[in-house]
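# Observations on the model geometry
The chain contents come next:
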Amino acid sequence: MGVPPRHEKGAGNRKRPRKEGSAAPAAQKEGSKASQGGPLPRLEPAAAEYFRRAHETLKSGFDSEEEKALFASNVLEEAEAVPVPLSLDPAGSLLLQALVPSASPASLCRLLRALIPSLCLVARHACGAHILEAALLRAPLLIQEGGEDSGTLEDLVLELGRSIQEELSAFALDAHASFVVRTLLQALGGARVGSDGGRGLQVLGTSHSRAKLAKPGSEGPTDFEVPNSFLSLLRGFSESFGELISEFIANKFFSLCLQVVLEVLHRKLPEACSQLCCSVIGYLSSRNPAAGQSALLVFLKDATCSRVLDKVLEVSDPKALRSFYKVHVRRQLQVLAGHPVANFTLQRLIQAAPRKLLGKLFEELNPGLEEILALEHLGVITALLGACRKHGAHQQEVLQGLLEAFHCWEPPSRQLVCAPLIASLLAFEVYYGEEEEEEEEEMADPSPRLNSVSYHGSLMLQHCLHFADPSVVLRSLAATTPPDLVTLACDPAGSHVFDALLASPSVPEKQRRKVLRLLKGHYVSLACSKHGSRVLDAVWSRATLPAKREMAQELVEHEQKLRHDPFGHHLVRNFALTHFLKRRRDWERLQEAGKKRRELFAEILED
């Protein structure tokens, strides 16, 4: 499949209708700003038509990678004549973004050499920034492979990086150029980061999901080798960011760049990371100190600065975390937990805290769990439970504090209903519809139904099931009515409680079976649910042969219904219900063989 002819009569003279919501006006507006009011360079109609047809050819596909590489080389060679107009054109930008990941070292060198003289204009343009991002992601991989032009490509990336470093404030404060800065930092460090700050610009005209964009591996390896010259320049960027903290830390774009450089330095240059963290903490704590408390508390409550502090805590070593607590936030944790912004930074501190520091955090937070629950700052509670699970410390104390917050610790009989209370995030009196002073025996409805499951409630139950002694939650699940267990299993968040029940090594097999046995008689309801069918599949994979017989016997009576259900038909296949109905011995041999395979793989994974 060849390159389309460059010139064609009548090409490009017709105006194509612009789709609603097109980014072109925004792109032109940003480009105007970048060029300080001057007109943007535009493609000639004939050139625009050539590249449009090239893009259509690219989208139609190729018979081989060699053919695609040749096509990309030819089109990029044509692009050398109009690199800036093509990069700033919405359609041309899409074409270059598709070609750069397949570009050869020589082609990428020519493209970068043509763009660097207009770096400020291209980087600060909505379309041009995409091209620089793509080139910076491609360059380290080509340099790592070696080759004739790898040295030249390395020099060009360094030239581009030094140009950005010289005017770092201009690039890092711009909505579009800041993306280029973040990508450059990752390329210099040889590390793709998965935080919000590390995400690239969303491709114009595409519908990539946020979840996909969040995955650093979706556009290449997360770690790759880079030359020592790249790490030297990265260290220089660390110093430059340290010098600009006092002026721009409150700027949201600069804040995102600072978060990325902290994470990359943490993975590649830990000493430089520690120095930059000290610079951030030192500056923020020196601003307008109040009597009796750290000035840092003000910035913990700021939406932009708190994000930087989140990252600082994430990459700090245990000694720095202990110092942070002692100097800045000791005896202030309840205040931070109740603040709508600062509570998120507190969560990062809890998650990063070493075991000894966790004890101090727990002592401050545990008495106020009910207030935190009332404010619905549930991430603080789940972070505390997760940290206690991780370190194997304060588990029974935090469980008691949690049940006290839900008013189901005393009398002990109330502990039997803690699971639905936590799952629904409702206190005992609210769940049962009685006032606090009423006695348990006077309940009008002793067994109200579980109507909804909270995401954070599910997380709390999962953490509790992984505690060294999960008996309180297990007894509550065993006392929960089967319909409520079905509601829990069929809920998107609640279904993961069963994952924890099946996976937790601290759950005794006897108690696990006691809970799972309550699902008997409801297998069809589970099988016909998107999330319930997944739970049933997980239960089946751990069940003994007699238990599988019972499950299959109940399901096979509704085989036709399951076959026509969008979720149930998968279980008909996975459980081999047709074999169970017509060839029972074959079915049993199949189940035994599957069990042996799983045991063999488990042994291999352990080794």
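Above this text is the structure in question.
Residues numbered from 1 in each chain as written. Predicted model: local features only at pLDDT ≥ 70, side-chain atom pairs only at ≥ 80, totals over all residues. Heavy atoms only, no water.

### Overview of the nonpolar core
The following threshold applies: Among buried residues, the Ala, Val, Leu, Ile, Met, Phe, Trp, Tyr and Cys ones that are joined through side-chain atoms within 4.5 Å form a nonpolar core. Under the scheme applied here, a residue whose accessible area is under 20% of the maximum for its type counts as buried, over 50% as exposed, and between as partly exposed, the area being computed with a 1.4 Å probe on protein chains only. By the criteria applied, helices consist of DSSP H or I runs no shorter than four residues and strands consist of E runs no shorter than two, each listed in order from the N terminus. Contact criterion: two residues are considered in contact whenever any of their non-hydrogen atoms come within 4.5 Å of each other.
Membership of the largest hydrophobic core comes to 185 residues, with the highest contact counts inside it found for Ile164, Phe241 and Leu258. Considering every element that reaches this core, the biggest residue donor is helix H8 (residues 128-145), with nine residues. Setting aside chain neighbours within four positions, we find leucine 258 in contact with Phe241, Ile249, Leu276, Val280 and Val308.

### Here we look at the packing of aromatic side chains
Put simply, the test is: Stacked, edge-to-face and tilted labels apply to pairs of Phe, Tyr and Trp rings (six-membered ring for Trp) whose centres lie within 6.5 Å, assigned for plane angles under 30 degrees, over 60, and everything in between, in that order. Think of it as a cone above the ring: NZ of Lys or CZ of Arg counts as a charge over the ring if it is within 6 Å of the ring centre and within 35 degrees of the ring normal.
Taken as a whole and judged by the stated rule, the model has nine aromatic pairs. A ring pair is formed by phenylalanine 248 and phenylalanine 254, whose centres lie 6.0 Å apart and whose planes are at 50 degrees; its orientation type is tilted. Classification of phenylalanine 248 as buried rests on a relative accessible area of 18%. Between phenylalanine 580 and tryptophan 587 the ring centres are 4.9 Å apart and the planes differ by 75 degrees, which places this aromatic pair in the edge-to-face class. Residue classification places tryptophan 587 among the buried residues on the basis of a relative accessible area of 0%. In this structure, arginine 182 packs its charged tip against the face of phenylalanine 179, placed 4.2 Å from the ring centre.

### Brief notes about helix H13 (residues 228-248)
How we decide: Expected helix span is taken as 1.5 Å per residue step, with the number of steps being one fewer than the number of residues. Note that the bend at a residue is defined as the angle between axes fitted to the seven residues ending at it and the seven residues starting at it.
Taking 1.5 Å of rise per residue, the 21 residues of H13 would be expected to cover 30 Å, and the 29 Å separating its terminal C-alpha atoms lies within 8% of that figure. Considering bend angle alone, the principal kink of H13 is centred on glycine 242 and spans about 30 degrees. Here H13 has its buried residues at Phe230, Leu233, Leu234, Gly236, Phe237, Ser238, Ser240, Phe241, Leu244, Ile245 and Phe248. Looking at the buried side of H13, the elements it contacts are H8, helix H9 (150-166), helix H10 (168-172), helix H11 (177-189), helix H14 (252-268) and helix H15 (270-285).

### Quick notes on the pattern of salt bridges
For the record, the criterion: Whenever a carboxyl oxygen of Asp or Glu lies within 4 Å of a side-chain nitrogen of Lys or Arg, that contact is scored as a salt bridge.
Evaluated as defined, the whole model comprises 18 salt bridges. The partner of glutamate 80 in a salt bridge is arginine 110, with the nearest N and O atoms 2.1 Å apart. Taken together, the positions of glutamate 80 in the loop between helix H3 (65-79) and helix H4 (83-88) and arginine 110 in helix H6 (residues 105-115) put the pair 30 residues apart, joining distant regions of the chain. Given the relative accessible area of 31%, glutamate 80 is considered partly exposed. Assessed through its relative accessible area of 25%, arginine 110 is described here as partly exposed. For the salt bridge of glutamate 588 with arginine 549, the shortest nitrogen-to-oxygen distance reads 3.0 Å. Residue glutamate 588 is found in helix H38 (residues 584-606), and its partner arginine 549 is found in helix H34 (residues 545-556); the two are separated by 39 residues along the sequence. Overall, the relative accessible area of 31% leaves arginine 549 in the partly exposed class. Taken together, the shared-partner salt bridges in this structure form one network comprising Glu49, Arg52 and Glu56.

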